[in-house]
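Read off the chains here:
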Amino acid sequence: MLATKQKVFRRFWYPVMPKAHLAGGKPVPFRLMGWDIVLWQAKDGPAAIADQCPHRGAKLSLGFLDHEVPDGPALACPYHGWAFGADGRCRKVPQAHEPLRGMKGGAKRHHAAERYGWIWVALEDPIAPIPDIPEAALPGFRQIDEFHEEWAVPGLRLMENSFDMAHLSYVHAESFGILAEPRPAPVEIEHKPWGFVMRGEAPVTNKGVSKELLKTDAERTLRVIEGRWFLPFMRASRIDYPTGLTHVLVTAATPIDDRRSMICQWVYRNDTEADAPAEKVIAFDRQVTNEDRLILESSSWDVPLSMSEELHMPSDKPGIEMRRRLAALLAEHGEEEARLPREE
Ligand code: FES
Ligand SMILES: [Fe+2]
């Protein structure tokens, strides 16, 4: 499946960058599903429009914020200074005595919002809200922002990996997996309009800094997992430990193009900085994430939705359900699955 070719994916919200990236008062470019867009902090919140000036095609992200436009700041083009509002319409033509009368059109406008400390964009009218993460609003939980980085991995590969209980023993043998126990416990899946919830358990070892982060001396522990998958490329995986610690790992694989994703990851934990310093939490998750990255970046990336092209085993159920749901979503919107051209 080629994400940029599936038009319905333009109608979902994706986190693109931490909100701090817009705080500097400059426009910031981003490539979302192959579309070059530019973001800035407008009067009423973040704004996102096509990163191409409708006058002579200059990159608006090389421009500046014009605070003299009423209700600004508007985004000014670096070439001739035309300025555009959050709706993409031209608000100022410095060469004219007044904005050009009767000028139609403008830069294409996208939906932008801020939530969880991140800037979110939907290229076209969204068909689903920004995913709800209840723990974000629960007292006693803190948020730690972890990663914002580009991987050469398509969203579906990362999503199926995040729900793949069989890879823990192998890919994460150095960090928490148990190589001698490769057979994962079965999981249950409950379908939701927005994706599914997977419930399961995984025994893990407490290696390295884990004992400190989990506040335990035990050599192993049990993760009780409630993994929420949000169509198409986001998950929030809640893990409850016997010690009472809960952490919720939020990961979005925001599609940059067919092969690459912007990995946006943050975590909620019901402990304190004194219990587990954010720096150590991030360092441990960095190790784990890099273990996945090595495998995923070297895996084939035009992931088939059909069941016949790759082989499967029972523990692949979450990834299989993702393929079914994505195929159903495409069918519902009258789309065929797009694939790379194949040689016979
Ligand atoms: S190209 Fe942007 S104002 Fe002329
Ligand atoms: Fe993993």
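Residues numbered from 1 in each chain as written. Chains lettered and ligands numbered in written order. Predicted model: local features only at pLDDT ≥ 70, side-chain atom pairs only at ≥ 80, totals over all residues. Heavy atoms only, no water.

**Focus: the domain arrangement of the protein**
Logical step 1: Here the domain parsing of the protein yields domain 1 (3-122) and domain 2 (134-331).
Logical step 2: Look at where the C-alpha atoms of domain 1 and domain 2 centre, and you get two points 33 Å apart.
Logical step 3: The interface of domain 1 with domain 2 comprises 21 residues on the first partner and 23 residues on the second.
Logical step 4: If you sort the residues of domain 1 by the area they bury against domain 2, Phe9, Tyr116 and Trp118 come out on top, with a joint share of 31%. (Domains from an automatic or database assignment. Contact = heavy atoms within 4.5 Å. Buried area = accessible area lost by both parts, 1.4 Å probe.)

**Brief notes about the pattern of salt bridges**
Logical step 1: Counted according to the given criterion, the structure contains 37 salt bridges.
Logical step 2: One salt bridge in this structure joins Asp36 and Arg31, with 2.9 Å as the shortest N-O distance.
Logical step 3: Since its relative accessible area comes to 31%, Asp36 is described here as partly exposed.
Logical step 4: Linking Glu226 and Arg199 is a salt bridge whose minimum nitrogen-to-oxygen distance equals 3.9 Å. With Glu226 in strand 14 (residues 220-230) and Arg199 in strand 13 (residues 195-205), this pair connects stretches of sequence that are 27 residues apart.
Logical step 5: By relative accessible area, which is 37% here, Arg199 ends up partly exposed.
Logical step 6: Overlapping salt bridges bring together Glu135, Glu190, Lys192, Arg199, Glu226, Arg228, Arg238 and Asp240 as one network. (Salt bridge = Lys/Arg side-chain N within 4 Å of Asp/Glu carboxyl O. Buried < 20%, exposed > 50% of the residue type's maximum accessible area, 1.4 Å probe, protein only. Helix = DSSP H or I, 4+ residues; strand = E, 2+ residues; numbered from the N terminus.)

**What about the nonpolar core?**
Logical step 1: Core analysis: the biggest nonpolar cluster contains 80 residues, and Phe9, Leu39, Phe233 and Trp266 have the highest contact counts within it.
Logical step 2: Per-element tally for this core: the top contributor is strand 17 (residues 261-269), with six residues.
Logical step 3: Counting the residues that make up this core, at least three belong to each of domain 1 (3-122) and domain 2 (134-331).
Logical step 4: Ignoring anything within four residues of it in the chain, the contact list for Phe233 reads Met1, Ala3, Phe9, Tyr14, Gly155, Leu156, Met159, Thr251, Ala252, Ala253 and Pro255.
Logical step 5: The next biggest cluster of nonpolar side chains, apart from the first, holds 16 residues, and it includes Cys53, Leu60, Trp82 and Cys90. (Core = buried A, V, L, I, M, F, W, Y, C linked by side-chain atoms within 4.5 Å.)

**Overview of empty space enclosed by the protein**
Over the atoms rolls a probe the size of a water molecule, and in doing so it shows where empty space is left.
Logical step 1: Taken as a whole and assessed by the stated rule, the structure comprises three cavities of 30 Å³ or more.
Logical step 2: By volume, the largest cavity amounts to about 420 Å³.
Logical step 3: Taken together, 27 residues line the largest cavity, and the ones lying closest to its centre are Arg223, Arg235, Leu249, Val288 and Asp292.
Logical step 4: Within the residue set of the lining of the largest cavity, elements represented by two or more residues are helix 1 (155-162), strand 14, strand 15 (234-240), strand 16 (246-255), strand 17 and helix 4 (278-297).
Logical step 5: Taken together, the residues of the lining of the largest cavity sort by class into 13 nonpolar, nine polar and five charged.
Logical step 6: Considering only enclosed or pocket space, the second largest cavity measures out at about 120 Å³ in volume.
Logical step 7: Around the second largest cavity, the lining is made up of 16 residues, and of these Ser210, Leu214, Arg223, Tyr241 and Phe284 lie nearest the centre. (1 Å grid on protein atoms, 1.4 Å probe; cavity = no way out; pocket = protein on both sides within 12 Å on 5 of 7 lines; lining within 4 Å. Points joined across faces, edges and corners; volume = space filled by probe spheres on them. Nonpolar A, V, L, I, M, F, W, Y, C, P; charged D, E, K, R; others polar.)

**Describing the sheet that holds strand 7 (residues 83-84)**
Logical step 1: Spatially, 5-6-7-8 is the arrangement adopted by the four strands of the open sheet, whose pairing is antiparallel. Strands at the two margins of the open sheet, each flanked by one partner only, are strand 5 (64-66) and strand 8 (90-92).
Logical step 2: By the bridge criterion, three bridges tie strand 5 to strand 6 (residues 74-76) in an arrangement that is antiparallel. Directly across from Phe64, in strand 6, lies its bridge partner Ala76. (Pairing = 2+ DSSP bridges.)

**Some words on the sheet that holds strand 1 (residues 14-18)**
Logical step 1: What the six strands build is an open sheet, ordered 1-10-9-4-3-2; its pairing is antiparallel. Either end of the sheet is taken by a strand with one partner, and the two such strands are strand 1 and strand 2 (28-32). Pairwise comparison of adjacent strand axes, ignoring direction, gives a mean angle of 30° for this sheet.
Logical step 2: The pairing of strand 2 with strand 3 (residues 35-42) spans five bridges and is classified as antiparallel. In the sheet register, Phe30 faces strand 3, and the bridge partner there is Ile37. (Axes fitted to C-alpha atoms, helices over the stretch in contact; angles between N-to-C directions.)

**Focus on the coordination of the iron ion (ligand 2)**
Logical step 1: Every protein donor of the iron ion (ligand 2) is accounted for by His167 (NE2), His172 (NE2), Asp292 (OD) and Asp292 (OD), and the metal-donor separations fall at 2.1 to 2.4 Å.
Logical step 2: Taken together, the four donor atoms coordinating the iron ion (ligand 2) and their angles of 58 to 148° define a geometry best described as irregular.
Logical step 3: In the primary sequence, the donor residues of the iron ion (ligand 2) line up as H-x4-H-x119-D. One end of the pair, His167, is in the loop between helix 1 and helix 2 (168-171); the other, Asp292, is in helix 4, with 125 residues separating them in the sequence. Across the pair, Asp292 and His167 agree in class, each one buried. (Donors = N, O, S within 2.8 Å, 3.2 Å for Na, K, Ca; no water. Tetrahedral: all angles 85-135°; square planar, octahedral: opposite > 155°, others 65-115°.)

**Considering the side chain of Thr251**
Logical step 1: Its location among the elements puts Thr251 in strand 16.
Logical step 2: Given the relative accessible area of 2%, Thr251 is considered buried.
Logical step 3: Among the polar contacts made by the side chain of Thr251, one reaches the side chain of Gln265 at a distance of 2.9 Å.
Logical step 4: Ignoring any residue separated from it by four or fewer positions in sequence, one finds Thr251 in contact with Leu158, Met159, Phe233, Met234, Arg235, Ile263, Cys264 and Gln265. (Polar contact = N/O pair within 3.5 Å; in protein donor to acceptor, adjacent residues only side chain to side chain.)

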